[in-house]
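# Examining the three-dimensional arrangement
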Amino acid sequence: MALSHDGENLLQPRSSVVMDDVFCIFVGNLENICELKRHYGLSRHTNEAMLIIEVYKVLRDRAPYPPDQVIRDLIGKFAFILYDVKYRNLFTARDRDGGIQFKWGVAGDGSLVCSGSPDVISEACGKSCAAFPPGCIFMSGNGLVSFVHPLHKVRAVIREEGDGSNGKDCTVMFQVDLYTRLPSIPRTGSASNWADATKVIEGSAE
């Protein structure tokens with residue numbers, strides 16, 4: 001994990017925090033951070049990245065409710081990446097409106113890459129990348145889930161671009177399928193969404 005303040009937007013600041021072997025990079029701001037700090041019993045010096053770590057620890061250790069219910073309480077423009085070293089858990093999310101630029105993809109060695117920098121994503125993943133869907137969270141073991149529509153599956157959709165003269169580029173997009181209602185939030189492998197997309201791409205290439 002790495003953070004740069006190069007070209008930082010003052011209205012969308014970046015912050016990085018390490019607490020109890022949990023690393024968090026946060027971009028943006030939370031409009032209701034004061035209310036959230038009171039709710040979680042945190043000090044007034046707590047910033048957004050520290051708050052996200054505390055929220056994650058509550059979910060990990062003692063929360064009786066699903067993560068989408070907690071992330072739904074975050075109001076503002078934000079994206080964050082959190083990694084728990086001890087439990088090897090990845091937790092990342094983007095706000096409802098996609099107010100912060102945030103992409104993810106698969107590198108040549110199969111690693112998952114998340115970044116707010118298009119250059120980092122392009123260099124690491126080539127065309128195997130997409131915008132992280134707004135209003136969604138990704139957690140190890142849970143896969144990709146919409147916190148706006150948690151009972152609906154998030155599907156990988158392949159969109160072909162180009163006129164066909166020089167071949168067509170395939171772009172992966174992730175969309176909430178509002179026509180498929182799930183009985184409960186599915187627990188899937190961490191790479192299941194991208195695996196499904198890769199299978200579709202390979203099938204179209206054939």
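Residues numbered from 1 in each chain as written. Predicted model: local features only at pLDDT ≥ 70, side-chain atom pairs only at ≥ 80, totals over all residues. Heavy atoms only, no water.

Looking at an unreviewed UniProt entry, the protein chain carries the name DUF3700 domain-containing protein, with the source organism given as Papaver nudicaule.

### Section: a nonpolar patch on the surface
Nonpolar side chains collect at one region of the surface, where M1, V18, F23 and V85 lie side by side and expose about 360 Å² of accessible area between them. With a relative accessible area of 39%, V85 lands in the partly exposed category. (Patch = residues over 30% accessible without salt bridge, like charges linked within 9 Å, V, L, I, M, F, W, Y side chains within 5 Å. Areas by Shrake-Rupley, 256 points an atom, 1.4 Å probe, with all protein chains shown as cover. Salt bridge = Lys/Arg side-chain N within 4 Å of Asp/Glu carboxyl O. Buried < 20%, exposed > 50% of the residue type's maximum accessible area, 1.4 Å probe, protein only.)

### Quick notes on the packing of aromatic side chains
The final tally for this structure, using the stated rule, is seven aromatic pairs. An angle of 40 degrees between the planes, with centres 6.1 Å apart, marks the rings of Y56 and F91 as tilted. Of this pair, Y56 sits in helix α2 (residues 48-61) while F91 sits in strand β4 (residues 89-94), and the two are 35 residues apart along the sequence. With relative accessibility at 1%, the residue Y56 sits in the buried group. Taking relative accessible area as the criterion, F91 reaches 0% and is therefore assigned buried. Plain terms: the ring middles of W104 and F138 are 5.5 Å apart, the flat faces sit at 70 degrees to each other, and that makes the pair edge-to-face. With a gap of 34 residues between them, W104 in strand β5 (residues 103-106) and F138 in strand β8 (residues 136-139) connect regions that are remote in the sequence. Taking relative accessible area as the criterion, F138 reaches 3% and is therefore assigned buried. (Phe/Tyr/Trp six-rings, centres within 6.5 Å; stacked < 30°, edge-to-face > 60°. Helix = DSSP H or I, 4+ residues; strand = E, 2+ residues; numbered from the N terminus.)

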